[in-house]
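# Notes for the structure review
Here are the chains, one letter per residue:
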Amino acid sequence: MEAIETSELSRTFEVRGVQIRALDRVSIKVGLGSVVALVGPNGAGKTTLLKILATLITPTSGRAFVMGYDVVRDEREVRRSLGIVLTGERLFYYRLTGYENLVFFGSLYDMSLSEVKARARELLELVGLSRWADVPYMKYSLGMQRRLALARALLHDPPVLLLDEPTLGLDPV
């Protein structure tokens, strides 16, 4: 089984009456344990591909699978199989602390509260935010926000991790 597989995947958007093809018959296979980078100019369809794989948008044609699950028919299983970090997302609660945000999002998975709390602390340490665990998200810098997003993507230890512009806002270290 492949971690990710697409077959003739296409996506078209209509913008002011003009059809724009963001993806044109993309076929890829990514094996388990692989690290793959998509490189291309702005507007090449990289984010569109990630959003299709994450079940956030549907393909116009073709098929896509994550861990063998169809992104259109098996949304729930696909979402359980992956963690995702997107650019420009506003999916955290600004008044909650980093730790409280992770506990909230962790509670959406089939994890016990004690497991979620322990995992949140572990991940805050991993991404270098343990000192700021009890600081409200609204006070986080862009880099801190990106690191918290990575921690959230790792909460349920998914087999597939999708990162859109993973170094945006982060220090080289």
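Structure first, text after, so check above.
Because the structure is a prediction, the values reported are computed rather than measured.

### Looking at helix 5 (residues 142–154)
Across its 13 residues, helix 5 extends 19 Å between first and last C-alpha, which sits within 8% of the 18 Å expected from 1.5 Å per residue. If you check which residues of helix 5 are buried, you get Gly-143, Met-144, Arg-146, Leu-148, Ala-149, Ala-151, Arg-152, Ala-153 and Leu-154. As for helix 5, its buried residues are in contact with strand 5 (82–85), helix 3 (98–106), helix 4 (113–126) and strand 6 (160–163).

### Section: the pairing of strand 5
The alternating pattern of strand 5 places Leu-82 and Ile-84 and Gly-83 and Val-85 on opposite faces, both of which are buried. In this sheet, strand 6 lies alongside strand 5 in parallel orientation, the contact comprising four bridges. Pairing of Gly-83 across the sheet is with Leu-161, part of strand 6.

### Remarks on the packing of helix 3 against helix 4
At a closest axis distance of 9 Å, the pairing of helix 3 and helix 4 adopts a crossing angle of 135°. If you check the angle between helix 3 and helix 4, you find them oblique. Regarding helix 3 and helix 4, the two cross each other, and that crossing is right-handed. Packed against helix 3, whose contacting residues are Tyr-99, Leu-102, Val-103 and Gly-106, the element helix 4 presents Leu-113, Val-116, Lys-117, Ala-120, Arg-121 and Leu-124 at the interface. By residue class, the composition of the contact of helix 3 with helix 4 is seven nonpolar, one polar and two charged.

### Quick word on the sheet that holds strand 2 (residues 18–31)
Taken in spatial order, the four strands make up an open sheet running 2-1-3-4, and their pairing is antiparallel. The strands lining the two open edges of the sheet, one partner per strand, are strand 2 and strand 4 (69–70). Pairing between strand 1 (residues 2–15) and strand 2: ten bridges, direction antiparallel. Residue pairing across strands places Phe-13 opposite Ile-20, the latter belonging to strand 2. Packed onto the sheet, helix 1 (residues 46–53) meets strand 1, strand 2 and strand 3 (61–66) and runs at close to 115° relative to strand 1.

Definitions and cut-offs
- Residues numbered from 1 in each chain as written.
- Predicted model: local features only at pLDDT ≥ 70, side-chain atom pairs only at ≥ 80, totals over all residues.
- Heavy atoms only, no water.
- Helix = DSSP H or I, 4+ residues; strand = E, 2+ residues; numbered from the N terminus.
- Expected span 1.5 Å × (residues − 1).
- Buried < 20%, exposed > 50% of the residue type's maximum accessible area, 1.4 Å probe, protein only.
- Contact = heavy atoms within 4.5 Å.
- Pairing = 2+ DSSP bridges.
- Axes fitted to C-alpha atoms, helices over the stretch in contact; angles between N-to-C directions.
- Parallel < 35°, antiparallel > 145°, perpendicular 65-115°, else oblique.
- Left-handed = near helix turned anticlockwise from the far one by under 90°.
- Nonpolar A, V, L, I, M, F, W, Y, C, P; charged D, E, K, R; others polar.

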